[in-house]
Amino acid sequence: MRRKLKSLAAVSFIILMVSFVGFLGLVRIQPEKTINETIKPLGIQNTTVDLNKPVIDLSGWQIPSTINYDIMAKQIVGAVIRVEGTPGKEDGSAKADGEDKAYKTHIIELQKRNVPVAVYAYVTGKTNAEMKQQARNFYEHAKAYHPTYYWLDVEETNMTNMNGGIEAFRSEMVSLGAKKIGIYAQDWFITQNKINTSKFDAIWMADYGRNTGTWDASPKTDLNYAMQQYTSRGIIGGYAGEVDLNTIRSQIEYHKLFSGKG
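Residues numbered from 1 in each chain as written. Predicted model: local features only at pLDDT ≥ 70, side-chain atom pairs only at ≥ 80, totals over all residues. Heavy atoms only, no water.

Structurally, Thr221 can be placed in the loop between strand 6 (202-206) and strand 7 (227-234). The class of Thr221 is buried, set by a relative accessible area of 19%. Separated by 33 residues in the primary sequence, Thr221 and Trp188 place their C-alpha atoms 9.0 Å from one another. Look past the residues within four positions of Thr221 in its chain and what remains in contact with it is Asp187 and Met205. A distance of 2.6 Å separates polar atoms of two side chains, one belonging to Thr221 and the other to Asp187. (Helix = DSSP H or I, 4+ residues; strand = E, 2+ residues; numbered from the N terminus. Buried < 20%, exposed > 50% of the residue type's maximum accessible area, 1.4 Å probe, protein only. Contact = heavy atoms within 4.5 Å. Polar contact = N/O pair within 3.5 Å; in protein donor to acceptor, adjacent residues only side chain to side chain.)

Quick look at the structure:
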């Protein structure tokens, strides 16, 4: 019995050595791997995007029949669509109650072409009650399209306590179910009106530099903004007129603003 076990052990040892040598041979003949993969930020599951392409923002002033969405969609990495204009001020872009005339078409056509879409409302309330009503209109009109973000476009000082009014709008959005809410403004406006941006999930900063149609300057601000609107004179394929264009600061910020549901 012992002799047989020794024989089996010897055979097993030979087989093991042959396998080991073969393994070394395979390792030696494998080509070296080149590290040329794009590094993704930790926790980001989506693929990286070309941030040299802009984010576009559109409203009823850009008439859908004048847009070739197939061409436009290939030029951009995201869109922010106006849902609410100024209540009580009907014009070519919005109804009398403030609802934008083109937002549904803009959103549907871009989403069909796999462009991620966020939405914004032009904030004009003169009282906290008006701010809350505008928030309700905004959310009710936009929620069916599952936008990636809800933005408050704040450009007019309509109240003595603008910070309180804006907070009334924001908190009403939260109570309605909005998860990701940002503020769009210029640095000087935020400072002058003492707006507390800490309750917002992101800042979208307007700073045009020389407004040449291309990016040429970063905002001079201490605020930690995620996206910059850098021109109102942008040119984009698929549309003959001028448009607002925006740039995202990083891949991480892009996926925060344009992934998932707002």
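Past the structure itself, the notes keep going.
Attention now moves to the packing of aromatic side chains. Across all of its chains, the model carries 10 aromatic pairs by this definition. Aromatic pair Tyr103 and Tyr145: ring centres 6.2 Å apart, planes at 85°, arrangement edge-to-face. In this pair, Tyr103 is assigned in helix 3 (residues 103-112) and Tyr145 in the loop between helix 4 (128-142) and strand 4 (150-153), connecting sequence segments 42 residues apart. We note that Tyr103, like Tyr145, is buried. With centroids separated by 4.7 Å and ring planes inclined at 70°, the aromatic side chains of Tyr184 and Trp204 adopt a geometry described as edge-to-face. (Phe/Tyr/Trp six-rings, centres within 6.5 Å; stacked < 30°, edge-to-face > 60°.)

Turning to helix 5 (residues 162-176), a few remarks are in order. Counted at 1.5 Å a residue, the expected span for helix 5 with its 15 residues is 21 Å, and the 21 Å between its end C-alpha atoms agrees. Structurally, helix 5 contributes buried residues whose contacts are with strand 3 (117-122), helix 4, strand 4, strand 5 (181-185) and helix 6 (187-192). (Expected span 1.5 Å × (residues − 1).)

With that settled, the discussion passes to the side chain of Ser259. Secondary-structure assignment places Ser259 in the segment after helix 7 (251-258). Look at Ser259 and you get buried, because its relative accessible area is 18%. For Ser259, the side chain forms a polar contact with the main-chain oxygen of His255, separated by 3.1 Å.

Here we take up the sheet that holds strand 1 (residues 55-58). If you walk around this closed barrel you meet the 8 strands as 1-2-3-4-5-6-7-8, and the pairing is mixed. Adjacent strand axes in the sheet meet at a mean angle of 30°, parallel and antiparallel pairs treated alike. Sheet strands touched by helix 3: strand 1, strand 2 (78-84) and strand 3. Its angle to strand 2, the strand with the most contacts, is close to 160°. Helix-sheet contacts for helix 4 involve strand 2, strand 3 and strand 4, and the interaxial angle to strand 2 is about 125°. (Pairing = 2+ DSSP bridges. Axes fitted to C-alpha atoms, helices over the stretch in contact; angles between N-to-C directions.)

Residues of strand 1 alternate between two faces, with Val55 and Asp57 on one and Ile56 and Leu58 on the opposite face, all of them buried. Strand direction decides the pairing type here: strand 1 and strand 2, joined by 4 bridges, are parallel. Considered in strand 2, the bridge of Val55 is made with Gly78. Running through helix 2 (residues 69-75), the crossover from strand 1 to the neighbouring parallel element strand 2 is right-handed. (Right-handed = clockwise from strand over helix to strand, strands pointing away.)

With 6 of 8 residues buried, helix 7 is to be regarded as a mostly interior element. Of the residues one or two after helix 7, Gly260 is the one with positive phi, at around 75°.

Turning to the nonpolar core, a few remarks are in order. Among the nonpolar cores identified, the biggest contains 49 residues, and Ile56, Leu110, Phe138, Phe169 and Met173 are the most heavily contacted of them. Beyond its immediate sequence surroundings of up to four residues, Phe169 is in contact with Ala121, Val123, Met131, Gln134, Ala135, Phe138 and Leu152. Val77, Tyr149, Ala206 and Leu257 belong to the second largest nonpolar core, which has 18 residues in total. (Core = buried A, V, L, I, M, F, W, Y, C linked by side-chain atoms within 4.5 Å.)

Do not read the predicted coordinates in detail wherever pLDDT is low. Residue-level pLDDT values for the protein average 85, and 82% of them are 70 or greater. Low pLDDT, under 50, characterises residues 1-45; the stretch is placed with 9 contacts to residues that sit more than four places away or in other chains. (pLDDT = per-residue confidence, 0-100.)

Moving on, we come to the packing of helix 4 against helix 5. Where helix 4 contacts helix 5, the axes come no closer than 8 Å and their chain directions differ by 35°. In the packing of helix 4 onto helix 5, the handedness of the crossing is right-handed. Of the residues in helix 5, those in contact with Asn128, Met131, Lys132, Gln134, Ala135, Arg136, Phe138 and Tyr139 of helix 4 are Gly164, Gly165, Ile166, Ala168, Phe169, Glu172, Met173 and Leu176. The residue makeup of the contact of helix 4 with helix 5, split by class, is 9 nonpolar, 4 polar and 3 charged. (Left-handed = near helix turned anticlockwise from the far one by under 90°. Nonpolar A, V, L, I, M, F, W, Y, C, P; charged D, E, K, R; others polar.)

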